[in-house]
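Fold and contact review
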Amino acid sequence: MAEERVDVVVIGSGPAGAAVTKRLTDFGAKVLCLEQGDWINRAEFPSERPDWETQLKTYFYPNVRNLPEDYPVMTGGQLKAVQMANAVGGTSIHYTAHFPRFHPSDFRVRSLDGVADDWPISYAELEPYYDMNDREMGVSGLSGDPQNPPRIARPTPPLPLGVLGETVGRGFNKLGWYWWVADNAIISRSYDERPACMWHGKCTLGCPIGSKSTADVTYWPKALKKGAVLKTRSRVREITVDAKGRASGVLYYDRNNQIQEQTARVVVISCNGVGTPRLLLNSKSKLFPQGIANSSGLVGKNFMMHATASLEGIFDKSMDGHLGARGAVACSQQFYETDPNRGFVRGYTFQIARTYGPLHHALGGITGSPVPWGAEHHRVMRKRFPHVIPVIVQGEDLPNENNRVELDPAVKDSSGVPAPRVIYKNGDNNLKMLRHGLQMGRMLLEASGSSEILTSRVVVEASHLMGTARMGNDPKRSVVNAWNQTHDVPNLFIVDGSSFTTSSSVNPTSTIGALALRAADGIWERRQNWS
Ligand SMILES: Cc1cc2nc3c(=O)[nH]c(=O)nc-3n(C[C@H](O)[C@H](O)[C@H](O)COP(=O)(O)OP(=O)(O)OC[C@H]3O[C@@H](n4cnc5c(N)ncnc54)[C@H](O)[C@@H]3O)c2cc1C
Ligand code: SF4
């Protein structure tokens, strides 16, 4: 039997679904969110376990965790694995919490560089929502960055650079390269009734005190206080439609795996760049035989994830990278924009990261270079720990229709819903960009005084999931319009990284949050169209 109709049903409780729910609830809408995972008790985070470092090999991967709330994510092409969390707060539970913004140029890559497509919105249109999302989430950082548009004072001061940041800062200065202290969704002072970070550095395994700004400790408590309803252990199988082709609600499995119907005036999907196309493709009907909102055939296509490789510089002095919050210490966008002399289009960001503890170093660190066993072990270990500065090269991944999410013909989740398969191959542009990034990264570490440099292979694991229901003005070339509203179904909205037209070379979550708040405004402003 259908449950009482709500104004808006939101699917997924990560940073995107949480932001939409909070904003619409603030306006006075009756909002229900369905989340397949559950609240995670902080005392049960892997960061609280003595073997926490071993969890770095398993905790991020749904196929390894294999919990009932997870769904299998099959891979193809060069892709080795997809990382995500299925819980209240979504993948923010274990994100690193680096919180940069897109540049204005990122919204205009077709006009500027003749590649991919322009977004139908500009940085200026999104800017107030970036500010709002920063305030809601709680961000640390330093205003005044000369290479980015001015932004409001960060809600809390920057995280300390430490000896690691100061050392690499001197390296940047020596080369005359631009760099700036990183924005992070980690609060350096108590904020919004949450305590300041205590610098123990296990952030990606779950912050035990709530200083990392994850959706479960930021948006959700405020939204629930205002009257939003969050139903956990509720896995949506498909979007239902009426005879006129409007979304009428959803069918979902409750915590007893019984199918339920929830009707709504508006449906918002926020299941991330893999979960969202999966749900759209699984929502087949007479009116939408290829999956809902898929008249363009582009649902699932143009999957993007950032081109990534990394370096570790080993220093004679201790860098203490294991002490302090993760996020990023500093960033350089010296090579962000296209320079035709480099032989590739668009560019990359250098993220200066921190490290984990000794076990992580022994097992290979971020470059995958394990410390040898046997006679050499102690000597190499003493050399590396805690003497490393990690540098991540993160490049813009251009959209390519062959990189895609589709339904696996055989594999299903614990409720019997077909699983997604993600197929991905790095393009030539990515490989040229990463080659350049690794060369420049080496120069940076040498200028910073490194005695030995390790480099990784190109990373082909996906944690930034984007592009699979892209935004645009042309219904033939995109799935949603400038307000995250699907071209085909006027009361169906897609609000997460799926809607990204391009990927930029920065982490996606602050842009996902900003888009979600803006989409909520659009939904509310058009409420006279709700039936
Ligand atoms: C290891 C790691 C590090 C990262 N570091 C950073 C970083 O430093 N900075 C940054 O910006 N980003 C980072 N990210 C990415 C960031 O976590 C995501 O961009 C962000 O969480 C996306 O938010 P979302 O709400 O769109 O999706 P998610 O957070 O993935 O939430 C989607 C939710 O939808 C639920 N769901 C899915 N399908 C269904 C269904 N059918 N029914 C009901 N519920 C469903 C899921 O259970 C999940 O809770 C990182 C990711 C990983 C894995
Ligand atoms: S370092 Fe700070 S943000 Fe990270 S887990 Fe510890 S308290 Fe949380």
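Look above for the structure.
The text that follows walks through the structure, step by step, so that each part is easy to find. Keep in mind that this is a model prediction, so the values were computed, not measured. (Residues numbered from 1 in each chain as written. Chains lettered and ligands numbered in written order. Predicted model: local features only at pLDDT ≥ 70, side-chain atom pairs only at ≥ 80, totals over all residues. Heavy atoms only, no water.)

**Points about the overall build of the protein**
In terms of regular secondary structure, the protein is built from eleven helices and 18 strands. Across its three principal axes, the protein shows a C-alpha extent of roughly 70 × 50 × 45 Å. Expressed as a percentage of the 531 residues in the protein, the buried residues total 64%. In the protein, of all internal contacts separated by at least 6 residues, the share reaching a separation of at least 24 is 73%. Looking at the protein as shown, the accessible area adds up to about 19,700 Å², and 52% of this sits on carbon and sulfur atoms. Positive and negative side-chain charges in the protein, numbering 59 and 52 respectively, have mean positions lying 1 Å apart. (Helix = DSSP H or I, 4+ residues; strand = E, 2+ residues; numbered from the N terminus. Buried < 20%, exposed > 50% of the residue type's maximum accessible area, 1.4 Å probe, protein only. Contact = heavy atoms within 4.5 Å. Areas by Shrake-Rupley, 256 points an atom, 1.4 Å probe, with all protein chains shown as cover. Lys, Arg positive; Asp, Glu negative; His and termini not counted. Charge placed at Lys NZ, Arg CZ, Asp CG, Glu CD.)

**Section: helix α10 (residues 428-448)**
Spanning 21 residues, α10 covers 30 Å between terminal C-alpha atoms, matching the ideal 30 Å at 1.5 Å per step. Within the span of α10, buried status applies to Asn429, Asn430, Met433, Leu434, His436, Gly437, Met440, Gly441, Leu444, Leu445, Ala447 and Ser448. At its buried positions, α10 is contacted by α5 (162-175), β10 (307-314), β12 (348-352), β13 (388-395), β15 (418-424) and β16 (452-455). Just downstream of α10, Gly449 is the residue with a positive phi angle, here 105°. (Expected span 1.5 Å × (residues − 1).)

**Describing the pattern of salt bridges**
Pairing between side chains of opposite charge can happen when their charged atoms approach one another. Throughout the structure, instances matching the rule amount to 33 salt bridges. Residues Asp117 and Arg470 are paired through a salt bridge, measuring 3.1 Å at the closest nitrogen-oxygen approach. Of this pair, Asp117 sits in the loop between α3 (109-113) and α4 (123-137) while Arg470 sits in the loop between β17 (461-462) and β18 (492-494), and the two are 353 residues apart along the sequence. With respect to burial, Asp117 and Arg470 carry one shared label: buried. Across the pair Glu452 and Lys383 runs a salt bridge, and its minimum N-O distance is 2.4 Å. Of the two residues, Glu452 is situated in strand β16 and Lys383 in helix α9 (residues 377-384); the sequence distance between them amounts to 69 residues. Residue classification places Glu452 among the partly exposed positions, given a relative accessible area of 30%. Taken together, the shared-partner salt bridges in this structure form one network comprising Lys22, Asp26, Glu136, Asp192, Lys222 and Lys226. (Salt bridge = Lys/Arg side-chain N within 4 Å of Asp/Glu carboxyl O.)

**Re the site of ligand 2**
In the neighbourhood of ligand 2, the contacting residues comprise Ile186, Cys197, Met198, Trp199, His200, Gly201, Cys203, Cys207, Pro208, Ile209, Lys212 and Ala325. The site holding ligand 2 turns out to be the second largest cavity. Partitioning the shell around ligand 2 into residue classes produces nine nonpolar, two polar and one charged. (Near = heavy atom within 4 Å. 1 Å grid on protein atoms, 1.4 Å probe; cavity = no way out; pocket = protein on both sides within 12 Å on 5 of 7 lines; lining within 4 Å. Sits in = over half its atoms within 2 Å of the grid points. Nonpolar A, V, L, I, M, F, W, Y, C, P; charged D, E, K, R; others polar.)

**Some details on the packing of helix α1 (residues 15-27) against helix α11 (residues 509-525)**
Between α1 and α11, the shortest axis-to-axis distance is 8 Å and the interhelical angle comes to 35°. Between α1 and α11 lies a crossing of right-handed hand. Across the interface between the two elements, Pro15, Ala16, Ala19, Val20, Arg23, Leu24 and Phe27 from α1 touch Thr509, Ile512, Gly513, Ala516, Leu517, Ala520, Asp521, Ile523 and Trp524 from α11. Grouping the constituent residues of the contact of α1 with α11 by class yields twelve nonpolar, two polar and two charged. (Axes fitted to C-alpha atoms, helices over the stretch in contact; angles between N-to-C directions. Left-handed = near helix turned anticlockwise from the far one by under 90°.)

**What to know about the pairing of strand β2 (residues 31-34)**
Burial along β2 is two-sided: the face carrying Val31 and Cys33 and the face carrying Leu32 and Leu34 are both buried. Where β2 and strand β6 (residues 229-231) come together, three bridges link them in parallel fashion. When the sheet's bridge partners are listed, Leu32 is paired in β6 with Val229. (Pairing = 2+ DSSP bridges.)

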